[in-house]
Amino acid sequence: MKFDNFSEAIQHARTLFEDISFSYASNWKKQNSTRHIIGFLPIYIPREIIHSANMLPVGIFGAGDRIPVVHGDAYFQSYICHLPRTVIELAKSGHLNDFDGFIFPAICDVIRNLSGIFMLDNKQKFIRYLDYPQNFEGNVGGKFYRQELNRLSTDLEKLNGKKVITNELNHSISIYNEQRRLLKLLGDFRSEFPHKLSAVDYYLIQRTAHTMCVEDFNPYLENIFLLLDKLDVEPEDKIRVIISGSFCEQPPIGLIKTIENAGCYIVEDDLQLNLNWITKEIPTDTDDPIGALVDAYINHSIFSSTVYEGDKPKGDQLAEQVKDRKADGVVFCAPSFCDPALLDRPQLEKAMDKHHIRHFSFQYHENLGQFHVIKEQAGTFADTIKLWE
Amino acid sequence: MTIQKENSMLQQKQMLADHFIELTQVQETGKKVVYTFVPGNLTELIYAFDMLPVYPEINALQSGMRKQSGDYIREAEEYGFSEDVCSYVKCDVGMMLQGNIGPTGQKLPPPDLLLLSYTGCFVFMKWFENLKYLYPDAEIAMLHIPYQESGRIEPNAMQYIKDQLTTEVIPKFERVSGKKFDPDKLASKMMLSAQAEDLLVKVFDSAQNKPSPIDAYFGGVYYIGPIFTAFRGSQACVDYYQELHKEVEYRVANGLGPITPDGTLKEEKFRLVVEGPPNWTHFRNFWKIFYDMGAVFVASSYTKVGGLYDEGFRHSPEDALGSLAEYCLGCYTNRNLPQRVDMLDNWITKYQANGFLVNSIKSCNSFSAGQLVIMRELERRLEIPVGFIETDLVDPRYYSFSNIKNRLDSFFQMLEQRTLYTGITS
Ligand code: SF4
Ligand code: SF4
């Protein structure tokens, strides 16, 4: 599919985003009987392995306000974040029927227990809670992770009989390397020209990477670059901010728009962190591609609230990002009741103070509909920074 | 809270007092202090290095019981913690910010080592990441325990833990304590642990009697369990459980119910199994609602967070590190949801419970996420009355007596009707 105009290309992304039935994935699956769909929850999974097993990895990031919660509240108390409710809702209302399995990455206790609920509710489907090492020594955590990935590929093979083999996995890695490269370029473009690529459009494009197959997505993104080149938009007098803390339950589109409309260009964020989790090109000419994926995770992954800090303070890493992106401040924007994001916040805020970086914070639900307060907060933040500058 | 004291309780009081005295004397004795968590605790290893454990969760719950947690939580929220996160963390941080005065009114020593046993709860990792900033001089050792996602212990998980023990934990213990690891010393502590574990299981199993001689929830957390975590691996711990077991046997032989703050429970009307931690800020008031109704908890999941021994696991001197790994992997909240449902199902049957109750804790995702599903699944499988209440661990703002009482009144009514109905039909 080729687009001649930017708004049509974005409309395509928006249509995919709004389609809670994942019909793109269902159509993809219909084309071949060995094709399977594997849904995954935030944040990171090694999609290369799924791809190499002839399966489509599809990101499930809740459904925001796009689905009424009928069953979900009977599964989760009011003091648990909102995302698992809409995930349950998607499942209960049949939108995930075409999925053959689900992977729940080890990021928090809610996702962990949600995997158990899926086990109880979907006995005939493949359910895997994927544990990642919090020990980053190659011969300790790396060894454990390698075995986890081996177990994962063996289990996937049982689903469709397709073995994950070396040269095919190398190929999958290379095509995802290309996706990472293109997405990095897009992130750099957005950071340099936030007036040309709004945060919402950037976000919608990123989301398509978690919906479309990589073979469709990479050309789509190349197409987007051509269209972006043609755009002629004047920059506005806005400050530049980084959004931190929204890596799992997603803020509503209206909220992202509100922040930018209130005078803050978003020049970096962690909304779709999976896409830039691996920070280096992974080798594609090895006899041991699983080892290459392990090495990438252990030695070349991004910092996150869900990963043990070790001796690289996350606050310093966030401050570096601020510097790299020439940002004026940080917006700590986390879902209510989100342990990883909210428990990181005190030290991150203190680190921003230490580095003389301005910041403000708020909490949201994925189905939030009112943005007045946030608009005021963001507007005041932008005005204060402009005044001080 | 005044409770008619048995010998074991006095013994426990003395052991805890001695422990806190030892902690206040570390400057003179030179003993090193390890802060760590109850689930997946490596108490034997800590004692094998002659170090002293401190459990921030236990400090937090005691602050809750002493009505100090509200202040501490406010302090932590002013420091930057959200209202939404685990109140144990905030209580601990607040206590530290206000001078780290422990349960005995004396200042607790800062940690020499933060042993981050990341077992069954994600918050543990975040908690100690925060403490690392508050105690910058302390060494930190991370022990990551993988989750039992497949419902069994995978060999690579065992190996991973053993690898971490030998490459991360033990070297840091050696560095901090200045002592070499002595496997024989660890083995001898493991042997004593196994003896205490046998006795602990017998004590909890005594709840199969009618009437039950123990309350496996309130009594479980008040005097049966705490000693276990803090002193496992010592002769004093074995002695304590021998005494406790003797007392329990006496109660069984004489048909006595459990001890409550108002004396021995006269009539056991309902036998319950409970899922979730208790509320600590109104512990007595909370307990009273149940014993006033003649309700006894015959099993509880919370008393298994520090380790599950019902199914036969014992710390073992053979392959001591492997045994520590197996112990950590087996803690209650490290089991997947289907396993948790099966376990509760088994307890309800084994202890002949009439009802199942969930005490859902507002700020504890590790327990709370999934509890509604657990409840429905048990109701479906066993057709027993189920009840649901909400409180918090140590945040007094979330204890509403009237709400809890209303919900429990309906639950007890349901239990009464069911008992009546069962009486008629049988
Ligand atoms: S929003 Fe936060 S607490 Fe909720 S599932 Fe995601 S990471 Fe976990
Ligand atoms: S979330 Fe629950 S299990 Fe985890 S530390 Fe807090 S009270 Fe303990």
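Residues numbered from 1 in each chain as written. Chains lettered and ligands numbered in written order. Predicted model: local features only at pLDDT ≥ 70, side-chain atom pairs only at ≥ 80, totals over all residues. Heavy atoms only, no water.

Overview of the overall build of chain A
Stated precisely, the cut-off is as follows: Per the convention used, a helix needs a DSSP run of H or I reaching at least four residues, while a strand needs a run of E reaching at least two, with both numbered from the N terminus. Only protein chains enter the calculation, and the probe is 1.4 Å; a residue is then buried if its accessible area is under 20% of its type maximum, exposed if over 50%, and partly exposed in between. Note on contacts: a residue pair qualifies if any of its non-hydrogen atoms lie within 4.5 Å across the two residues. Here, Shrake-Rupley sampling with a 1.4 Å probe gives the accessible areas, and only protein chains in the shown set may cover a residue. As used throughout, the charge tally considers Lys and Arg to be positive and Asp and Glu to be negative, leaving His and the chain termini uncounted. Just so you know, the charge point we use is NZ for Lys, CZ for Arg, CG for Asp and CD for Glu.
Helices and strands together make up the secondary structure of chain A, namely 14 helices and eight strands. Based on the C-alpha atoms only, the size of chain A along its principal axes is roughly 65 × 50 × 50 Å. Put simply, chain A has 389 residues, and 65% of those count as buried. Considering only intrachain contacts with a sequence separation of at least 6, the fraction spanning at least 24 residues in chain A is 74%. Of the roughly 14700 Å² of accessible surface on chain A, a fraction of 49% belongs to carbon and sulfur atoms. Across chain A, the centroid of the 41 positively charged side chains sits 3 Å from that of the 54 negatively charged ones.

Focus: the site of ligand 2
Residue and element names in this part refer to chain B. Counted only if it meets this: For this description, a residue counts as near a given molecule or strand if any of its non-hydrogen atoms is within 4 Å of it. When residues are sorted by character, Ala, Val, Leu, Ile, Met, Phe, Trp, Tyr, Cys and Pro go into the nonpolar class, Asp, Glu, Lys and Arg into the charged class, and all the rest, Gly among them, into the polar class.
Taken together, the residues surrounding ligand 2 are C86, Y88, C121, V123, F124, W127, C364, S366 and L393. A total of three residues in the shell around ligand 2 trace back to one element, the largest contributor, which is helix 7 (residues 123-134). Residues that form the shell around ligand 2 fall into these classes: eight nonpolar, one polar and no charged.

A closer look at the nonpolar core
For clarity, the threshold we go by: The set of buried Ala, Val, Leu, Ile, Met, Phe, Trp, Tyr and Cys residues whose side-chain atoms join them within 4.5 Å is what this entry labels a nonpolar core.
If you look at the biggest cluster of nonpolar residues, it comprises 292 residues, and the most contacted ones within it are Y88(B), L116(B), Y241(B), F290(B) and F356(B). Other than its neighbours up to four places away in sequence, L116(B) contacts Y308(A), F37(B), F124(B), M125(B), F128(B), I140(B), A141(B), M142(B) and L143(B). Core analysis: the second largest hydrophobic core is formed by 13 residues, I242(A), V267(A), A327(A) and F332(A) among them.

Looking at the packing of helix 4 (residues 56-65) of chain B against helix 6 (residues 87-97) of chain B
Residue and element names in this part refer to chain B. Under the convention used in this document: An axis is simply a line fitted to the C-alpha atoms; with a helix, the fit covers only the stretch in contact. Between two such axes, the angle follows the N-to-C directions and lies from 0 to 180 degrees. Oblique is the label for every angle not falling under 35 degrees (roughly parallel), over 145 degrees (roughly antiparallel), or within 65 to 115 degrees (roughly perpendicular).
Interhelical geometry of helix 4 versus helix 6 gives an angle of 85° and a closest axis separation of 9 Å. Between helix 4 and helix 6, the interaxial angle falls into the category roughly perpendicular. Along the contact surface, helix 4 presents P56, E57, N59, A60, L61 and S63, while helix 6 presents Y88, C91, D92 and M95. Residues of the contact of helix 4 with helix 6, tallied by class, amount to six nonpolar, two polar and two charged.

Some remarks on the sheet that holds strand 7 (residues 270-275) of chain B
All names here are of chain B. For clarity, the cut-off: Pairing between strands is defined by DSSP: at least two bridges between them are needed.
Spatial ordering of the open sheet is given by 8-7-9-10, a layout of four strands whose pairing is parallel. The open sheet has two free edges, formed respectively by strand 8 (295-300) and strand 10 (386-391), since each of these has just one partner strand. Averaged over all adjacent pairs, the angle separating strand axes in this sheet is 30°, with direction ignored. Taken strand by strand, helix 13 (residues 283-292) contacts strand 7, strand 8, strand 9 (355-361) and strand 10, and its axis lies near 115° from that of strand 8.

Brief notes about the interface of chain B and chain A
The criterion, for reference: By buried area we mean the combined loss of accessible area, with a 1.4 Å probe, across both parts when two parts are placed together. Definition used for salt bridges: Asp or Glu carboxyl oxygen within 4 Å of a side-chain nitrogen of Lys or Arg. What qualifies as a polar contact is a pair of N or O atoms within 3.5 Å, subject to a donor-acceptor requirement within protein and to the restriction that residues adjacent in sequence count only when both atoms come from side chains.
Each partner contributes residues to the interface: chain B has 55 residues there, and chain A has 52 residues. Looking only at chain B, the three residues that lose the most surface to chain A are F122(B), E149(B) and N365(B), adding up to 14% of its buried area. Our count for the chain B to chain A interface comes out at seven salt bridges. Between R128(A) and E149(B) there is a salt bridge, and its shortest N-O distance comes to 2.9 Å. At the junction of chain B with chain A, the criterion picks out 37 residue pairs in polar contact (both at pLDDT 80 or more).

A look at the site of ligand 1
Residue and element names in this part refer to chain A. Around ligand 1, the neighbouring residues are C81, I107, C108, V110, I111, C248, E249, P335, F337, C338, D339 and P340. Going through the elements one at a time, helix 5 (109-121) and helix 13 (339-354) are the ones with two or more residues in the shell around ligand 1. Looking at side-chain class alone, the shell around ligand 1 contains ten nonpolar, no polar and two charged residues.

Observations regarding helix 14 (residues 372-388) of chain A
All names here are of chain A. This is how it is decided: Expected span of a helix: the number of residues minus one, times 1.5 Å. Our arc is simply the arc of the directions from the helix axis toward the C-beta atoms.
The terminal C-alpha atoms of helix 14 lie 24 Å apart, and with 17 residues this matches the ideal 24 Å at 1.5 Å per residue to within 8%. Within the span of helix 14, buried status applies to I374, A378, G379, F381, A382 and I385. One face of helix 14 carries all of its buried residues, which in axial projection span an arc of 160°. The outward face of helix 14, more than 90 degrees from its buried face, is lined by the exposed residues H372, V373, E376, L387 and W388. Looking at the buried positions of helix 14, the neighbouring elements they touch are strand 5 (239-244), helix 10 (253-261), strand 6 (264-268), strand 7 (329-335) and strand 8 (358-364).

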